[in-house]
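Now for the letters of each chain:
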Amino acid sequence: MGFYFAQFLTGLASASSLFLVAAGLSIIFGVTRIVNFAHGSLFMLGAFIAYSISQKFGFWLAVPLAALSVGAVGWAMERTVLSRLYGAPELFQLVATFGLVLIVQDAALWIWGPTDLLGPRAPGLTGVVRIFDQPIPEYDLFLIAVGVSVLAAIWWMFTRTRFGILVRAATEDREMLQALGVRPARLFQATFFIGAALAGLGGALEMPRQPASLLMDLNIIAEAFVVVVIGGMGSVTGAFLAALLIAELNAFGILILPEITLVAAFAAMAVVLVIRPYGLLGRPATSAPHAVEIQPPQTLGQTGRITALGLVIALVVLPFVAGDFVIVLTADIMIFALFAAGLHFMMGTGGLVSFGHAAFFGIGAYAAALLVNNAGLGMEIALFLAPVFAAIGAAVVGWFAVRLSGVYLAMLTLAAAQILWSASVQWQDVTGGDDGILGIWPAAWASGTTAYYYLTFALTTSGIVSLMMLARGRFGILLRAGRDAPARAQALGIDIKLRNWTAIVIAGSAAGLAGGIFAFSKGSVFPDTLAIPNSVDALVMVLLGGLHAPAGPILGAGVFALLEDSLSRLPYWRALLGAAVVGIALFAPGGIAGSLSKWLRRRREGTA
Amino acid sequence: MLDVQSIQSGYGKALAIDDVSFQLEASESLAILGRNGAGKTTTLKTVMGMTPAWQGRIVFKGDDIVNLSSDTIARAGIGYVPEERRIFESLSVTENLLTGEKAGASGAAPWTVERVFELFPEIARRSMAPAGTLSGGERQMLAVGRALMGNPDLLLLDEPSEGLAPVVVNRLGDALAELRKSGIAILISEQNRRLARLAAENVVIMETGRIAYRGTFTDLDKNPEITARLLGV
Ligand SMILES: Nc1ncnc2c1ncn2[C@@H]1O[C@H](COP(=O)(O)OP(=O)(O)O)[C@@H](O)[C@H]1O
Ligand SMILES: [Mg+2]
């Protein structure tokens with residue numbers, strides 16, 4: 001009995017930080033309609049900054065100062081990046097905050113180095129008290145008190161101050177509030193400051209419990225997403241309840257099956273979403289304004305077709321003229337072009353964002369590896385089943401996501417990828433953990449660099465061409481109708497949810513096929529096929545190539561591979577990628593293809 | 001005070017209003033009549049900076065306000081009561097009023113929550129209730145009260161009578177007449193002529209996005225064929 005109560009209190013203590021992060025995320029979303037993917041990064045900064053301040057000024061000064069500093073960082077993010085994107089499509093807002101994650105990640109690496117930093121304990125709260133004969137850290141009780149106090153403070157602010165009333169009004173109808181004379185810019189800045197400061201406070205308070213580490217950002221953001229989705233986007237009380245639920249689930253789940261705590265959180269979210277689609281205390285979001293016209297597809301022109309033909313011929317003759325290194329590099333590019341083409345299909349044609357697309361790539365890779373190694377199947381069947389398994393995974397994630405607004409898909413895919421990644425690391429018996437699975441070699445007829453190259457060529461090309469044809473055909477038209485004019489498409493009797501779901505499943509299976517091919521080409525699978533950087537790579541390829549250009553993913557994969565080859569040895573390569581992502585969102589939403597065609601058009605008009 | 005000069009606006013590429021001009025002196029009131037889809041709402045929204053003007057100028061108290069942001073326009077002294085009322089449903093009645101609170105352009109702030117409640121005792125009784133629980137008439141009073149809390153010199157009202165019972169329309173008419181006496185200028189769009197003439201002396205009639213008639217209600221009464229042709233009554 002006493003033991004379970006102690007475990008319950010531990011859960012409450014963990015809920016505090018989670019609540020602080022989720023509350024900030026929720027408040028920012030309510031007012032600005034932006035899901036801040038960099039919110040976990042702010043939490044991480046809170047921990048690092050608190051560590052640094054505590055070295056000089058001690059624990060008790062470090063906590064509030066870190067919260068304020070992180071508030072200032074959030075404010076600066078809003079000023080420099082997000083305030084320029086309030087009118088932009090949701091997708092670019094999400095992408096930009098995601099770019100910030102990469103930048104903060106490397107900035108933290110640069111400032112604090114790669115080792116974990118354990119901060120001081122809280123002076124005056126280092127002891128334990130005995131409750132039901134169980135030792136409970138005083139600091140845990142303090143954390144519980146902080147969580148409840150912050151909830152009370154937020155409640156007070158929302159109901160008793162003019163700022164709070166305006167925040168709630170903005171959550172309902174921003175445009176009307178502006179027409180009453182309220183300056184949106186000030187409201188947004190203040191909201192970002194407060195939301196970021198809450199995340200920073202959460203990070204700072206973790207000091208005595210866990211060391212500041214570079215893994216904190218993505219770990220907490222996945223959990224915070226689960227919390228706000230369960231609680232209801234924009235609802236602070238909902239976030240509080242959901243944080244309690246998740247934290248208790250973790251506290252008790254760890255007693256039963258330590259490997260599956262994150263999976264349990266995801267399952268809890270699934271149950272809540274089935275019963276209450278907008279979360280415990282959420283309400284249907286008023287949808288953002290949409291484009292009224294359905295944009296026509298961009299198709300390959302005359303030059304495009306000739307280039308494509310030339311490319312195919314070049315790829316066919318390549319093994320006769322090039323060495324092994326170039327052949328393997330080219331095969332890799334083709335695999336990633338297929339991976340990116342699936343993402344491009346759902347993002348460009350469907351307007352459906354996935355930030356965890358590596359989840360499906362990884363499912364394909366692990367499925368192929370396990371089928372060969374554990375089930376003893378042949379390469380052919382494994383390659384056939386890899387996309388099937390990935391499609392099942394995508395169907396599960398997509399089933400929830402299409403019932404909700406676009407931001408949910410981005411959050412759910414990221415959370416799913418993060419959860420699968422931790423499962424692959426922790427579930428050693430099956431996945432081999434960090435050691436991965438080795439010895440996955442192609443069938444005899446396909447082994448050897450050249451033979452496997454041609455297999456890769458055949459599979460990826462047919463995959464990419466099928467995706468292109470789907471995007472151009474009737475299915476693509478209906479998908480675009482759902483993207484650009486959902487109300488009208490609905491009125492015309494198009495089942496948008498079903499289309500979107502299908503698109504996600506197709507994109508997932510393309511990623512799964514790419515993952516399967518990848519596994520056999522490397523002969524091994526490691527957890528990093530599922531990790532966020534792999535998702536980011538695909539995302540950058542799509543954006544770099546051009547979201548709305550048919551050849552975007554091929555161009556993107558090619559350019560990315562060349563850049564990676566020359567730049568990835570730079571120490572802060574991830575930050576460069578992040579800056580590129582933010583830059584594309586801000587200045588070149590059309591990517592290389594978009595900028596190129598704009599430049600060509602301008603030149604033609606200039607000479608005419 | 002308000003000089004709208006040949007404005008044009010629309011949605012996407014579709015033109016909704018064209019060459020719309022009218023003037024309004026301080027403490028004067030003007031009604032815009034017209035059938036559904038005539039362009040009344042678009043005209044008010046363009047004045048308010050909520051739909052972009054493609055052409056034309058809007059001068060308010062000597063300053064060009066065309067295509068400024070709506071918060072700037074509101075702070076210049078224009079209060080807006082939209083057609084759908086757009087009250088904040090999860091906020092209480094009093095909180096709704098507080099969202100509109102600001103000093104007038106001159107710095108004076110005669111309107112308070114108490115004064116709004118004096119004008120509309122109906123909503124005073126519900127002051128703590130969530131606005132989402134109000135009836136249609138109460139919502140309209142709240143939307144007007146919220147706009148008044150910003151101490152405007154000019155009040156824009158978009159079809160305030162829409163969907164309201166005749167008794168409530170009368171009640172609203174009395175309140176608007178009282179407001180006029182206090183010196184606030186009113187620009188009201190209506191299909192209900194009775195309410196429009198309680199609120200304003202001058203009138204323009206819009207048809208398919210253009211102004212088809214301008215004059216006073218007294219003149220309009222002498223020409224029933226105009227009303228029949230433009231308003232279909
Ligand atoms: N949000 C909108 N999108 C597209 N067209 C609109 C929109 N609102 C109004 N319109 C069109 O603009 C024209 C004028 O409408 P509106 O200003 O609402 O007229 P009124 O207020 O007189 O009924 C109509 O043809 C209407 O169909
Ligand atoms: Mg109207």
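**Q** So what exactly am I meant to see when it comes to the site of ligand 1 here?
**A** Residues and elements named next belong to chain B. For ligand 1, the full set of nearby residues is Tyr11, Ala16, Arg35, Asn36, Gly37, Ala38, Gly39, Lys40, Thr41 and Thr42. Ala38 is positioned such that a nitrogen or oxygen atom in its backbone is 3.2 Å from an oxygen atom of ligand 1. Burial of ligand 1 by the protein amounts to 56% of the accessible area it has alone, namely 560 Å². Sorting elements by how many residues they give to the shell around ligand 1 places helix H1 (residues 40-47) first, with 3 residues. When grouped by side-chain class, the residues that make up the shell around ligand 1 number 3 nonpolar, 5 polar and 2 charged.

**Q** It is not clear to me how the pattern of salt bridges should be interpreted in this structure. Could you clarify?
**A** When charged atoms on two side chains of opposite charge get close, those side chains can pair. Within this structure, the stated rule accounts for 21 salt bridges over all chains. Among the ionic pairs, Asp173 of chain A bridges to Arg86 of chain B, the shortest N-O distance being 2.8 Å. Of the two residues, Asp173 of chain A is situated in the loop between helix H6 (162-172) and helix H7 (174-179) and Arg86 of chain B in the loop between strand S6 (78-81) and helix H3 (93-99); the pairing between them involves two chains. In this pair, the class of Asp173 of chain A matches that of Arg86 of chain B, namely buried. As a salt-bridge pair, Glu207 of chain B and Arg35 of chain B come within 3.8 Å of each other at their nearest N and O atoms. Separated by 172 residues along the polypeptide, Glu207 of chain B in strand S9 (residues 202-207) and Arg35 of chain B in the loop between strand S3 (29-33) and H1 bring together distant segments of the chain. Judged by relative accessible area, Glu207 of chain B falls into the partly exposed class, the value being 30%. Arg35 of chain B sits in the partly exposed class, given a relative accessible area of 37%. Each of the salt bridges in this network shares a partner with another, and the network as a whole consists of Asp140, Glu206 and Arg209 of chain A.

**Q** What exactly am I supposed to notice about the domain arrangement of chain A here?
**A** By a frequent convention, interface size equals the accessible area lost on bringing the separate parts together. Residue and element names in this part refer to chain A. What the domain assignment reports for chain A is domain 1 (2-213) and domain 2 (324-532). Between the C-alpha centres of domain 1 and domain 2 there is a distance of 34 Å. If you look at the interface, domain 1 gives 8 residues, while domain 2 gives 9 residues. When domain 1 packs against domain 2, the two sides together hide about 830 Å² of surface, and 91% of this comes from carbon and sulfur. For the domain 1 face of the interface with domain 2, the top three residues by lost area are Phe37, Leu91 and Phe98, together amounting to 52%.

What counts, and at which threshold
Here the residue numbering is sequential within each chain, running from 1 through the sequence in written order. Here the convention is simple: chains get letters from A, ligands get numbers from 1, in the order in which they are written. Predicted model: local features are reported for residues with pLDDT of at least 70 only, side-chain atom pairs are reported and counted for 80 or more only, and whole-chain, interface and lining totals are derived from all residues. The basis for every side-chain value is the complete set of heavy atoms in the structure, and neither hydrogens nor water enter the calculation. For this purpose, a residue is taken to be near a molecule or strand whenever a single non-hydrogen atom of the residue falls within 4 Å of it. Counting of polar contacts relies on pairs of N or O atoms within 3.5 Å, with two restrictions inside protein: one atom must be capable of donating a hydrogen and the other of accepting it, and residues adjacent in sequence are counted only when both atoms are side-chain atoms. Only the protein chains shown count as covering a residue, and every accessible area follows the Shrake-Rupley method with a 1.4 Å probe. Helical segments are the DSSP runs of H or I of at least four residues, strand segments are the runs of E of at least two, and each set is numbered from the N terminus. Residues were grouped as follows: Ala, Val, Leu, Ile, Met, Phe, Trp, Tyr, Cys and Pro as nonpolar; Asp, Glu, Lys and Arg as charged; and all remaining residues, including Gly, as polar. Salt bridges are defined as contacts in which a side-chain nitrogen from Lys or Arg sits within 4 Å of a carboxyl oxygen from Asp or Glu. Residue burial is assigned from relative accessible area. The probe radius is 1.4 Å, only protein chains are included, and a residue is buried under 20% of its type maximum, exposed over 50%, and partly exposed in between. Either an automatic procedure or a domain database provided the assignment from which the domain bounds are taken. Residues count as neighbours in contact if any of their non-hydrogen atoms are within 4.5 Å of one another. Put simply, buried area is the surface a 1.4 Å probe can reach on two separate parts but cannot reach once they are joined, added for both.

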